[in-house]
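# Survey of secondary and tertiary structure
Here is what each chain is made of, one letter per residue.
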Amino acid sequence: MEQSLKNLEQEALKAIKNCATVEALREVELEYFGRKDGKLTNVMRSLKDLPAADKPKMGTLANTVKIALEKALAAKFQTFENAKLEKELSNDFFDTTIPGKARYVGHIHPVTQVQEEVERIFSQMGFAVMDGPEIESEYYNFEGLNIPADHPARDMQDTFFIQEKNDTKHGRMVLRTHTSPVQIRTMEKYGAPLRIIVPGRVFRYEATDASHDSTFNQVEGLLIDKNISLSHLKGVMAEFLTRLFGKPVKVRFRPGYFPFVEPGVELDFSCLLCGGKGCRVCKQSGWVEFMGAGMVHENVLKAGGIDSKKYQGWAFGFGLTRLVMMRYGIDDIRLLTGGELRFLKQF
Ligand code: PHE
């Protein structure tokens, strides 16, 4: 038996070595290791019939043969594997200069981009960035801002009421028509002094066209402290616009009316396109209308719980959406809320 095992090993090693294909190698594997009738399998199986004295020696030998054959098989399989890989590598020409397939990953909306810039500039000037609810009470949106129910200023903001009755002080609920309600909310919460901006979405009942939409974005500003005047506002806004546009910008006031400020002003900035000489963009005036502002009305300070004998301040509100349109030369406001990717991908 010892001799026949050795012969079997030699014979098998030779067969393995001579295999030219994986298929042939698999055949050889089956011939020796096949469960049913493999040559080595049969030998292993017959061990139990040997006389007890021969068992250990023959068992060890059979095992050595088995391990040697398994090793030889694995090594041969590996040579086929390697050959296959090498062939693949040499056959497939891989052009490393082909541009990759870029995946579209999305980006920040142009309105948000400009909003973040506005926040950064005002933060640098010591303003905190505040937030308020988009569904507001009539009280915060109107009464608290010195716009009583019968005030004609309400006609301009005939708007989206979403609930018929609320409590008597706060009235009905409304989609806020401006960011000004956050003035009162912040005064109530933090008191004076204050230095805040409030970027946010506002809603109006509008017949939509290229320059009007039912949803747009504003930025509110509020500064309350001692000995504050409109000259501080002028300085802050000139600085803000200069930093935003990256070149010197001048501002001017014109008289304006808003119930929640007294006196009220409109602020214009010098036209960036013509430098003030007059062009199509500024309608030959050299100035671009930018925002409403004014000294916070005594009644508004009172609503916010601030002592108007000790503190005063100014507030402003500008259209962030309009600023974005000016900055990128967008001529239709509806594009900004339309969700059209061909438009948005440009920014
Ligand atoms: N809330 C005003 C508007 O929406 C703008 C404004 C804010 C005016 C603060 C004066 C002071 O038109």
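These numbers were taken from a predicted model, which means no experiment stands behind them.

## Focus: the overall build of the protein
Of regular secondary structure, the protein possesses 11 helices and 10 strands. At 41 Å, the protein has a C-alpha radius of gyration far larger than the 20 Å of a compact globule built from 347 residues. When burial is assessed residue by residue, the protein has 41% of its 347 residues classed as buried. Partitioning the intrachain contacts of the protein with sequence separation of at least 6 by distance along the chain shows that 65% fall at a separation of at least 24. For the protein, the accessible surface area stands at approximately 20200 Å², while carbon and sulfur atoms represent 53% of it.

## Regarding the domain arrangement of the protein
How big an interface is tends to be reported as the loss of accessible area on association of its parts. What the domain assignment lists for the protein is domain 1 (2-91) and domain 2 (110-344). The C-alpha centroid of domain 2 is placed 86 Å from the C-alpha centroid of domain 1.

## Focus on the pattern of salt bridges
Counting across every chain of the model gives 14 salt bridges. The partner of glutamate 11 in a salt bridge is lysine 39, with the nearest N and O atoms 3.1 Å apart. On the criterion of sequence distance, the pair formed by glutamate 11 in helix α1 (residues 2-18) and lysine 39 in helix α3 (residues 39-46) is long-range, its members being 28 residues apart. For glutamate 11, a relative accessible area of 38% gives the class partly exposed. For arginine 252, the salt bridge is made with aspartate 268, and the minimal N-O distance between the two is 2.9 Å. Placement of the pair is arginine 252 in strand β7 (residues 251-255) and aspartate 268 in strand β8 (residues 261-270), with a sequence separation of 16 residues. Ionic contacts of the salt-bridge type, sharing partners, join the residues Glu2, Lys6 and Lys57 into one network.

## Observations regarding helix α7 (residues 181-190)
Pro181, Val182, Gln183, Ile184, Thr186 and Met187 are the residues of α7 that are buried. Two residues or fewer past α7, glycine 191 is found with a positive phi of approximately 65°.

## Observations concerning the packing of aromatic side chains
Going through the model one piece at a time under the given rule, you end up with 15 aromatic pairs. Ring geometry for phenylalanine 343 and phenylalanine 347: centres 5.1 Å apart, planes at 65°, overall edge-to-face. Residue classification places phenylalanine 347 among the partly exposed positions, given a relative accessible area of 22%. A network of ring pairs unites the aromatic residues Phe122, Phe127, Phe240, Phe245, Phe269, Phe290, Trp314, Phe316 and Phe318 as a single cluster. Between the NZ or CZ atom of arginine 172 and the centre of the ring of phenylalanine 161, over which it lies, the distance is 3.9 Å. The lysine or arginine in question, lysine 234, covers the ring of phenylalanine 253, its NZ or CZ lying 5.7 Å from the ring centre.

## Considerations on the site of the ligand
Around the ligand there are 14 residues in total, and His178, Ser180, Arg204, Gln218 and Gly317 lie nearest to it. A distance of 3.0 Å separates a nitrogen atom of the ligand from a polar side-chain atom of histidine 178. Note that an oxygen atom of the ligand is positioned 2.9 Å from one of the side-chain N or O atoms of glutamine 218. For the ligand, whose unbound accessible area comes to 330 Å², protein coverage reaches 91%. Elements represented by at least two residues in the shell around the ligand include exactly β6 (215-225), β9 (287-296) and β10 (312-319).

## With respect to the nonpolar core
Of all hydrophobic cores here, the largest spans 47 residues; its most connected members are Val118, Met237 and Phe240. Ignoring any residue separated from it by four or fewer positions in sequence, one finds phenylalanine 240 in contact with Val118, Ile121, Phe122, Met125, Phe290 and Phe318. Within the second largest apolar cluster, 23 residues are counted, among which are Ala153, Val198, Ile224 and Val300.

Calculation notes
- Residues numbered from 1 in each chain as written.
- Predicted model: local features only at pLDDT ≥ 70, side-chain atom pairs only at ≥ 80, totals over all residues.
- Heavy atoms only, no water.
- Helix = DSSP H or I, 4+ residues; strand = E, 2+ residues; numbered from the N terminus.
- Rg over C-alpha atoms; globule rule 2.2 N^0.38 Å.
- Buried < 20%, exposed > 50% of the residue type's maximum accessible area, 1.4 Å probe, protein only.
- Contact = heavy atoms within 4.5 Å.
- Areas by Shrake-Rupley, 256 points an atom, 1.4 Å probe, with all protein chains shown as cover.
- Domains from an automatic or database assignment.
- Salt bridge = Lys/Arg side-chain N within 4 Å of Asp/Glu carboxyl O.
- Phe/Tyr/Trp six-rings, centres within 6.5 Å; stacked < 30°, edge-to-face > 60°.
- Lys NZ or Arg CZ within 6 Å of the ring centre and 35° of its normal.
- Near = heavy atom within 4 Å.
- Polar contact = N/O pair within 3.5 Å; in protein donor to acceptor, adjacent residues only side chain to side chain.
- Core = buried A, V, L, I, M, F, W, Y, C linked by side-chain atoms within 4.5 Å.

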